[in-house]
Protein chains: 2
Amino acid sequence: MISKVKNAMSTLVGGMIPHGHNHHHHSGNGQNCGSEGQPPRFPYGRPDFLDLTPELLQYSTEHASRPVLTLKRDSRLPWRTGYAEVINAGKSMLNEDQASCEKLFVKKPSGKHRNSTLQEDNGDATGIPLHFWGVYDGHAGSGAAIAASKLLHRLIRDRLGEVAHLLENPASPPPICLAKNGSPYQATESKKGAAAAAAAQQQQVEGGAAEEPDAISDPTVRYHMEKVVSMESLVMGVLENAFRQMDELIEKEKASYTISGGCCALTAVHMMGKLYVANAGDSRAIIIRNDEVIPMSNEFTPESERQRLQYLGFLRPELLGNEFTHMEFPRRIQHSELGKKMLFRDHTMTGWAYRTIVEDDLKFPLIYGEGKKARVMATIGVTRGLGDHDLKVYNSNIHIKPFLSCCPEVKVYDLSENKHGPDDVLVMGTDGLWDVTTDQEVADAVSTFLSGCDPSDPMRYTLAAQDLLMRSRGVLKERGWRLPSDRLGSGDDITVFVIPLVGHEGET
Amino acid sequence: MISKVKNAMSTLVGGMIPHGHNHHHHSGNGQNCGSEGQPPRFPYGRPDFLDLTPELLQYSTEHASRPVLTLKRDSRLPWRTGYAEVINAGKSMLNEDQASCEKLFVKKPSGKHRNSTLQEDNGDATGIPLHFWGVYDGHAGSGAAIAASKLLHRLIRDRLGEVAHLLENPASPPPICLAKNGSPYQATESKKGAAAAAAAQQQQVEGGAAEEPDAISDPTVRYHMEKVVSMESLVMGVLENAFRQMDELIEKEKASYTISGGCCALTAVHMMGKLYVANAGDSRAIIIRNDEVIPMSNEFTPESERQRLQYLGFLRPELLGNEFTHMEFPRRIQHSELGKKMLFRDHTMTGWAYRTIVEDDLKFPLIYGEGKKARVMATIGVTRGLGDHDLKVYNSNIHIKPFLSCCPEVKVYDLSENKHGPDDVLVMGTDGLWDVTTDQEVADAVSTFLSGCDPSDPMRYTLAAQDLLMRSRGVLKERGWRLPSDRLGSGDDITVFVIPLVGHEGET
């Protein structure tokens, strides 16, 4: 592995450093350049807050030594956030992880900016303050991860801006209907409608009688039923839609730029006393409070999303391109096994049963492999994220994207409802961290580390992040990267935020 | 409400009692007879183990007094199982709940029985012993619930019989492939295949390189990867498929019989030291151990399965018949709101966001209503169960069945791995129980009741079931059925099993 990496390094030295508009002629590894000669949307680099010199940037890519990069002692991130990262052991030329940490302000769209978005904050600290953290784990190139790390938080801020006039009044739930100018719209209710609605509600039973027929076909009927939507679920909806827009933006900009690959996206937003953690992919966030673990995300992988994917393959078999079957089998089937019975699972099943093998079952399974080796259509090991619009099954015209979701799952933590000590933190990390270190091990390590640290040391959370990272990377021995237990360390890119929760309970 | 019930009673008296083959001329309520004059598959009745006289059967249907039926003092169910039931307050003529409790024996299919199924146990107590409990909550008629209560456990026993030769050897996992005679089949592995597999495994990375192309297109390739399937998940698969077969059987038998309506099905199977709880619908099972609640099922309702249903409507819009939209809105939309912005959720969202209303959004929402009033296509309040093959949206040709699932979720509890006292029980109940009594209230009530009972009283679990049932039914006051707290009691049919767990830890 090491020699393979060494050879790659010489290619890298000439091609990696960010430069002007001619960069797409360099770096034959294809991760930075469009195959059609389009410029990348953003040049490769590490997060701005690391403030790396070109020399350090190059040093950061040494797969043989895998130097750990941390926030500098004189740098400050909001909330004294700690950060550390390390490149992979050679699986890709560059570190495909990215990260961002921002303080932004949510403003109502002004006249001149109403239709412009994605502006950098202009230093005007008015509006609702918002803190943002994102980790992006790229694959098949770093383009999507870099684009998301530059733009997703601005999309979130702008979408929140559109409902800022509602957020200002957090005690009253958002109105169900808005006029074009954004003010609540109250339709007048027809008396006939109200009567029909009341009758229909009376008639509803568990499974029997249908509603008043008028109530279904007559759209003037307005039911008395009105769901109350909370401000919290409005913010969740903003996050969900911002991820979708980020994905659409990548697709759109691919017309003019190269944006290679795809990425998992895990973001945390703090606004008005609540922490919203949105996850699309296999990164993970946990809160450690009083040494206890509170999971803030679930992973989305071929195994965890098997049934969703099989259901799509079942309903839209044309997406499987006559090469794949939506059935799952515990291993490949051989021709000689036709007519025999084999264990299988379909989209409705969690257990296994036997079925008689038919010709169609010889196709490759849509979901195949176990654990970290599980793949969708033998290609990709995560099922949610941004980008991947061009991803196809090798040597075929079968697109993977329809099976991937760009929609995050959002979890909410009410910071103002809990008390926190200086060792209570939110840890966000890419899968490189969690693959070899369990939640409890991370919690124990953070608690032990921070309790031995001066509470006033501004570096304590960065040092904790570095400590976590070392526990997953290990040290290079003759038989590869090894942990103190002699188990194999993670050969993946690793990115870690350690975010203290103390002192922000009253922030809005 | 009471007068409505009174009028219904006179109709009932003539038509309800089980009788021979001319019963389909009676009972004008349509719950017992085919609209096309076909005989019902099974006559209406209460569970056999209640051993009701015709007089008692008729007495059981008095909506005005709602008598509680329990197991008789001289009756015995396996495991000293306790049972109680009560009819609804008038929403349907008959009690649409059903229940069954059986001891069965899983046998290898013998030569002459290989193709016959659904036999009654012939008293031959050889084979693997299996205990079975089922509660079935019918809607729009009692046919499906009765059919399931008579047949589902036999289907499960017969499907288990087909793998009985594997179950006999529980320590070794079930073979992946079986020859026609049921013995393990081991395909010979081509050397080329093995080499290609090894190469492909080496190449797999998270999202980048595809596999060795040969490995996908060449079915002679047998990967080294073989998932190990546990005996437990084989039993889970049997349960999942038995539910599906029960649903298919109802559909098939509807060609010759009337099997009215549909039903939620909640079953518990004890075999070889483990308790398997399979649930399709909104009934619920909990284990109470040392006063602590262990949930053994999740409910499947329009709210809990909103995203699955919306996804189907999104992928197969023709199933919505141009009458419904897969979007969810917090209330009906009026014509005057076209062009305005309204809160919505689609199949990808948990939060809410605003969208500009277009003509299509005026259609009735696929999922509509809140809590117990939530409906699929304004018709049905549960999303999993058996039957309902003919169920259509009122006054339309739109079928509901494609949106319903007959597949249960199966949870496993290892009885042999836990110690139990005489007050530790499995409680299974239809939604009538849980609608007004929380899990914790049920646990507290059971624990309090049983601790005040003689541990050797054979009736103690039936008395506990009766006590639970009374807590949800309440007593009839001037303003309806009321609980001691004066809250409204359940007006639904209620069925409760209380199953002791002590003393069965060593049973296999």
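Not measured: the values here are computed from a predicted model.

Draft legend 1. Summary view of the overall build of chain A. Helices and strands together make up the secondary structure of chain A, namely eleven helices and 21 strands. Long-range contacts, defined as pairs at least 24 residues apart, comprise 70% of the intrachain contacts of chain A with a sequence gap of at least 6. For chain A, the accessible area works out to roughly 20,000 Å², and carbon and sulfur atoms hold 50% of it.

Draft legend 2. Region of the structure containing the sheet that holds strand β5 (residues 177–178) of chain A. Ordered in space as β5(A)-β11(B)-β12(B), the three strands form an open sheet in which the pairing is antiparallel. On the outer flanks of this sheet lie β5 of chain A together with β12 (353–356) of chain B, each paired with one strand and no other. Note: strand β11 (residues 341–344) of chain B against β12(B), four bridges, orientation antiparallel. Within β12(B), the residue paired with B:L343 across the bridge is B:Y354.

Draft legend 3. Up close: the pairing of strand β8 (residues 284–289) of chain A. Residue and element names in this part refer to chain A. Burial analysis of β8 places five of its six residues in the buried class, which makes it a mostly covered element. Bridge count between β8 and strand β18 (residues 425–429): five bridges; the pairing is antiparallel. Counterpart to I286 in the pairing with β18 is V427. Summarising the sheet, β8 and strand β9 (residues 292–295) pair through four bridges and their orientation is antiparallel. Bridging from a neighbouring strand, I288 pairs with V293 of β9.

Draft legend 4. Seen up close, the pattern of salt bridges. Enumeration according to the criterion identifies 64 salt bridges over all chains in this entry. Across the pair A:K91 and A:D492 runs a salt bridge, and its minimum N-O distance is 3.1 Å. With A:K91 in the loop between β2 (82–86) and β3 (97–106) and A:D492 in the loop between β20 (480–482) and β21 (494–500), this residue pair connects regions lying 401 residues apart in the sequence. Put simply, A:K372 and A:D282 hold a salt bridge, and the shortest N to O gap is 3.5 Å. Remark: A:D282 occurs in the loop between β7 (274–280) and β8 and A:K372 occurs in the loop between β14 (367–368) and β15 (375–376); sequence separation between them is 90 residues. Assessed through its relative accessible area of 6%, A:D282 is described here as buried. Because the salt bridges share partners, they merge into one network encompassing A:K227, B:E303, B:R306, B:E328 and B:R345.

Draft legend 5. Focus on unusual backbone geometry. The backbone phi angle of A:N395 is positive, close to 65°, even though this residue is not glycine. Along the polypeptide, A:N395 turns up in the loop between β16 (386–387) and β17 (409–414). Residue class for A:N395 comes out exposed when judged on its relative accessible area of 66%. Non-glycine residue B:D388 carries a positive phi angle of around 65°.

About the cut-offs
- In this convention, every chain numbers its residues from 1, walking through the sequence in written order.
- Written order determines the labels here, with chains lettered from A and ligands numbered from 1.
- The predicted nature of this model means local features are confined to residues of pLDDT at least 70 and side-chain atom pairs, given and counted, to a pLDDT of 80 or more, with totals for whole chains, interfaces and linings taken over all residues.
- Values reported for side chains reflect all heavy atoms of the structure, with hydrogen atoms and water molecules removed beforehand.
- Only DSSP runs of H or I with at least four residues qualify as helices, and only runs of E with at least two residues qualify as strands; both kinds are numbered from the N terminus onward.
- Throughout, a contact is declared for two residues whenever any of their heavy atoms are within 4.5 Å.
- In short, Shrake-Rupley with a 1.4 Å probe defines the accessible areas, and a residue's cover is counted only from the protein chains shown.
- At least two DSSP bridges between two strands are needed for those strands to be called paired.
- In this scheme, a residue with accessible area under 20% of its type's maximum is buried, one over 50% is exposed, and one in between is partly exposed, where area comes from a 1.4 Å probe on protein chains only.
- Only one rule defines a salt bridge in this text: a Lys or Arg side-chain nitrogen within 4 Å of an Asp or Glu carboxyl oxygen.

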